[in-house]
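# Geometric and topological summary
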Amino acid sequence: MTDALNERSPRSLLECMMLIRAFEEKNAALQAAGKGPGTCTSVGQEASAVGVVRALEPRDRILTNHRSAGHLLARGADPGRMMAEIAGKSTGYCKGKSGTLHISASDLGVILTSTIVGGSLSLATGVGLSLSMQGGGAIVACFFGDGAACEGIFHESLNLAAVWKLPVLYVCENNQWQAFVRRRETMLIDRLSTRAQAYGMEGRSVDGNDVEAVFGAASQAIARIRETSQPFLLETYTYRMRGHYEPDDQSYVDPVELASWKAKDPIQTTRRRLLEQRAVSEADIDAMQARVQQRIEQAVAFAVDSSYPSADEVATDVYS
Amino acid sequence: MAKINVSQAIGEALAEEMRRDSRVVMFGEGVATKRRDLVQEFGDKRVRNTPLAEGIIAGTAAGAAATGLRPVIDLLFAPFICFSMEELINSAGKLRYISGGQFSFPLVTIAMTGCGWTVGAQHNHNIEAWFVHSPGIKVVMPSTAADFKGLLKAAIRDDNPVMFFIDMPLLFADGEVPAGDHVAPIGQAATRREGTDVTLISYAKMVHTCLSAAETLGGEGISAEVLDLRSLKPFDEAAVLASVRKTGRVVVVHEASRTCGVGAEIAATVAEKAFDALKGRIIRVTGPDAPAPSSYALEQAFIPQQGSIVEAARSLVGR
């Protein structure tokens, strides 16, 4: 984890985004081939995950949701143990008891993953309370989507965190889709960060497809939280480029809208920029791609070779 | 032994456990306002008021419990827990299992319920069976001052989420409470009266009604045993079966509505595991499948009465 967190160079951010994309596309391909379960991919949202997670420190905690692969991989999770978990194998991060929807990895500080929309919002204040009472300056980053921002718990969570001065970085990954409903059908505002003011906290929106902009905004927000002991609402304005889950043909998506966001693909954008700046060469990118592919192939092999949990595990881990 | 009321017993348990373990914190609607003694002794970081927002109270407790604190939350009246079901059921009850055992949730949820104060159905709803049916959660519902103290202390020390239901009219009932660090283990029933002809199985306020019924039955030469479950999940199956094997006759009594109530589970367990010992059918005496009323007269009609319990026991012994 420490190695991953220390890697904040633009090229390492790019390689991490490439790893996430390859991981998600591999899962989609496995599903399509009848070899894996459906997953909720974060394709299109890689910059948001990498930019925020890499701005955190090892002592910080992360709460994520059903679209978690980006957050986990950016934190340094092992793609093999993630693939194994998705496949329901005993070598997965949750011994095969989570599956794809709620992977936690407490040794990485990725905790209490809930697939209930708004679940992370309800737990973040408690984690913030623990961190605040322990002292030490750690914060918790709570990832949720624009859909969760429509839940009543969004209000309850942000209000309490502000009142109790809890060190919570609320990260709304506004990906424009709430399952099969366009965000614009569910709210009249366009920038969710404007809601921060209503709770007496600071808020900011950032281009969620620009990894360096996200990293910068998250770093500043995190510094503000540590400095003021107040929560912060950061909105990463982005787009869900694949369907709600696999398979989903996105027949309900306006092709013009989809094309316009594909033109802003966070990986292609970063790649072009780094090439223009001569921060990387084509050969560097080829080498990155080869490394990523190798890691994904190894991950799949690990998951395939792993065994399922034994049947007597069905009712263990219910009580402490 | 000292004679104190249930409310005082709860206060003692909270203070003793907060003194014993600095990870214990308490928050909820009016907690810091009502429990000034705790604020004074433990400070306003550990004893807090919250907004009137049961979802985030329970969610905060679950998140805090999984990361090193041991929260006790007061949600006031049991029906308000409907706003907290996501956090209690989906998070506190399931995230240990889902994560393959990575987290534990040492948290206690306190709520009042039960007929007697004529508060009506949105302040009084015996929903204990909902939680008995939900994995990962424990449920206790005491009947005496000693158990309110002892079971609350045990609940706070437990590493699992515990629902702690207070049968409202018991709140100012006096009782003897043992001195010192009195802890009552979760999962153990208590025999409140020994008997040989019939077992009255109950919990919370109804235990006292069963004791009155047993007194009446005694006058008729029918020896009734009264078993107080105290803990509904886990419930003391061994104690239930042992008593049934002794008497061979069972009346299960609770105020909660009948269908799929705790009594159904007790009856099914007895039928499944002690059928050979039964000398007759199993009878349930329960509240009706209706919301709790607020009119005093209707409330009394809702609560199982001594007479119905006596009649049930009589019918089992053939009188």
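Residues numbered from 1 in each chain as written. Chains lettered and ligands numbered in written order. Predicted model: local features only at pLDDT ≥ 70, side-chain atom pairs only at ≥ 80, totals over all residues.

### A short note on the overall build of chain B
Scanning chain B from terminus to terminus reveals 13 helices and 14 strands. Oriented by its inertia axes, the alpha-carbon framework of chain B measures out at about 60 × 45 × 40 Å. In chain B, the share of contacts with a sequence separation of at least 24, taken over all contacts with a separation of at least 6, comes to 78%. (Helix = DSSP H or I, 4+ residues; strand = E, 2+ residues; numbered from the N terminus. Contact = placed C-beta atoms within 7 Å.)

### Examining the overall build of chain A
Within chain A, the secondary structure is distributed over eleven helices and seven strands. Relative to the compact-globule value of 20 Å for 320 residues, chain A shows a C-alpha radius of gyration of 19 Å, a close match. Counting only C-alpha atoms and orienting by the principal axes, one finds that chain A spans roughly 55 × 50 × 40 Å. For chain A, long-range pairs separated by at least 24 residues make up 75% of all intrachain contacts whose partners lie at least 6 apart in sequence. (Rg over C-alpha atoms; globule rule 2.2 N^0.38 Å.)

### A word on the domain arrangement of chain B
Buried accessible area, meaning the area lost when the parts come together, often serves as the stated size of an interface. All names here are of chain B. If you check the domain split of chain B, you get domain 1 (2–177) and domain 2 (190–317). Here the C-alpha centre of domain 2 lies 26 Å away from the C-alpha centre of domain 1. Domain 1 puts 24 residues into the contact, and the matching count from domain 2 is 24 residues. When contributions to the side of domain 1 that touches domain 2 are tallied by element, the ones reaching two or more residues are helix H7 (128–132), strand S6 (138–140) and helix H8 (145–157). Looking at the side of domain 1 that touches domain 2 residue by residue, the classes come out as 13 nonpolar, seven polar and four charged. (Domains from an automatic or database assignment. Nonpolar A, V, L, I, M, F, W, Y, C, P; charged D, E, K, R; others polar.)

### Focus on helix H3 (residues 46–53) of chain A
Burial analysis of H3(A) places eight of its eight residues in the buried class, which makes it a mostly covered element. Taken as a whole, H3(A) has its buried residues at Glu46(A), Ala47(A), Ser48(A), Ala49(A), Val50(A), Gly51(A), Val52(A) and Val53(A). (Buried ≥ 20, exposed ≤ 12 C-beta atoms within 10 Å, placed from the backbone.)

### What to know about unusual backbone geometry
In this structure, Pro247(A) follows Glu246(A) across a cis peptide bond, with omega equal to -5°. Examined against the element boundaries, Pro247(A) turns out to sit in the loop between strand S7 (232–237) and helix H9 (255–262). The step from Lys233(B) to Pro234(B) runs through a cis peptide bond, and the omega angle for that step is -5°. Phi is positive for Asp317(A), close to 65°, though the residue is something other than glycine. Summarising the element assignment, Asp317(A) is placed in the segment after helix H11 (282–305). For Leu76(B), which is not glycine, the phi torsion reads 65° and is therefore positive. Relative to the elements of secondary structure, Leu76(B) occurs in strand S4 (residues 70–77). On the basis of neighbour counts, which here come to 17 C-beta atoms within 10 Å, the residue Leu76(B) falls in the partly exposed class.

### Looking at the pairing of strand S10 (residues 198–202) of chain B
All names here are of chain B. Among the five residues of S10, five are classified as buried, and the element is accordingly described as predominantly covered. Neither face of S10 is open: one carries Val198, Leu200 and Ser202, the other Thr199 and Ile201, and all of them are buried. Here S10 runs beside strand S11 (residues 224–228); their pairing, made up of five bridges, is parallel. Residue Ile201 lies in a different strand from S11, and its bridge partner there is Leu227. Crossover handedness for the path S10 to helix H9 (residues 206–219) to S11: right-handed. (Pairing = 2+ DSSP bridges. Right-handed = clockwise from strand over helix to strand, strands pointing away.)

### Things to note about the packing of helix H1 (residues 6–20) of chain B against H8(B)
Residue and element names in this part refer to chain B. Running from amino to carboxyl end, H1 crosses H8 at an angle of 30°, the nearest separation of the two axes being 8 Å. In terms of orientation, H1 and H8 fall into the roughly parallel class. Our pair here, H1 against H8, has a crossing hand that is right-handed. On H8, the residues touching Val6, Ala9, Ile10, Glu12, Ala13, Glu16 and Glu17 of H1 are Ala145, Phe148, Lys149, Leu152, Lys153 and Ile156. Of the residues assigned to the contact of H1 with H8, the class counts are eight nonpolar, no polar and five charged. (Axes fitted to C-alpha atoms, helices over the stretch in contact; angles between N-to-C directions. Parallel < 35°, antiparallel > 145°, perpendicular 65-115°, else oblique. Left-handed = near helix turned anticlockwise from the far one by under 90°.)

### A few points about the interface of chain A and chain B
Tallying the contact residues gives 32 residues for chain A and 34 residues for chain B. Counting residues per element, the ones that place at least two in the side of chain A that touches chain B are helix H6 (119–134) and helix H7 (152–163) of chain A. Of the residues forming the side of chain A that touches chain B, the biggest block, eleven residues, is contributed by H6(A). Looking at the side of chain A that touches chain B, its residues break down into 13 nonpolar, 15 polar and four charged.

### Notes on the sheet that holds S10(B)
All names here are of chain B. If you trace the five strands from one edge of the open sheet to the other, you get S9-S11-S10-S13-S14, paired in mixed fashion. With partners counted over all chains shown, the strands left at the sheet margins are strand S9 (190–193) and strand S14 (282–287), one partner each. Shown here is a sheet whose adjacent strand axes are inclined to one another by a mean of 25°, direction ignored. Packing of H9 onto the sheet brings it into contact with S9, S10, S11 and strand S13 (250–257), and relative to S11 it is tilted by some 170°.

### Structural notes on the packing of H7(A) against helix H4 (residues 54–65) of chain B
Between H7(A) and H4(B), whose axes approach to 9 Å, the crossing angle comes to 65°. The handedness of the crossing between H7(A) and H4(B) is right-handed. Mapping the contact onto sequence places Gly152(A), Ile153(A), Glu156(A), Ser157(A) and Leu160(A) in H7(A) and Gly55(B), Ile56(B), Gly59(B) and Thr60(B) in H4(B). Of the residues belonging to the contact of H7(A) with H4(B), the class tally is three nonpolar, five polar and one charged.

### Observations regarding the sheet that holds strand S3 (residues 47–49) of chain B
Residues and elements named next belong to chain B. Sheet architecture is open: seven strands sit in the order S3-S2-S4-S5-S7-S6-S12, paired in mixed fashion. Edge positions in the open sheet fall to S3 and strand S12 (231–233), since each of these has one partner strand only. Neighbour-to-neighbour, the strand axes of the sheet open up by a mean angle of 20°, direction not taken into account. In the sheet, strand S5 (residues 108–113) pairs with strand S7 (residues 162–167) via six bridges, with the strands oriented parallel. Across the sheet, the residue bridging to Thr113 is Asp167, located in S7. Against the sheet, H8 touches strand S2 (24–28), S4, S5, S6 and S7, its axis set at about 160° to S7.

### Some details on the nonpolar core
In this structure, Cys142(A), Leu169(A), Leu200(B), Val251(B) and Ala313(B) are the most contacted members of the largest nonpolar core, which totals 185 residues. Filtering out sequence-adjacent residues up to four positions away, Leu169(A) remains in contact with Ile139(A), Ala141(A), Cys142(A), Ala221(A), Ile222(A), Ile225(A), Phe232(A) and Leu234(A). (Core = buried A, V, L, I, M, F, W, Y, C linked by C-beta atoms within 7 Å.)

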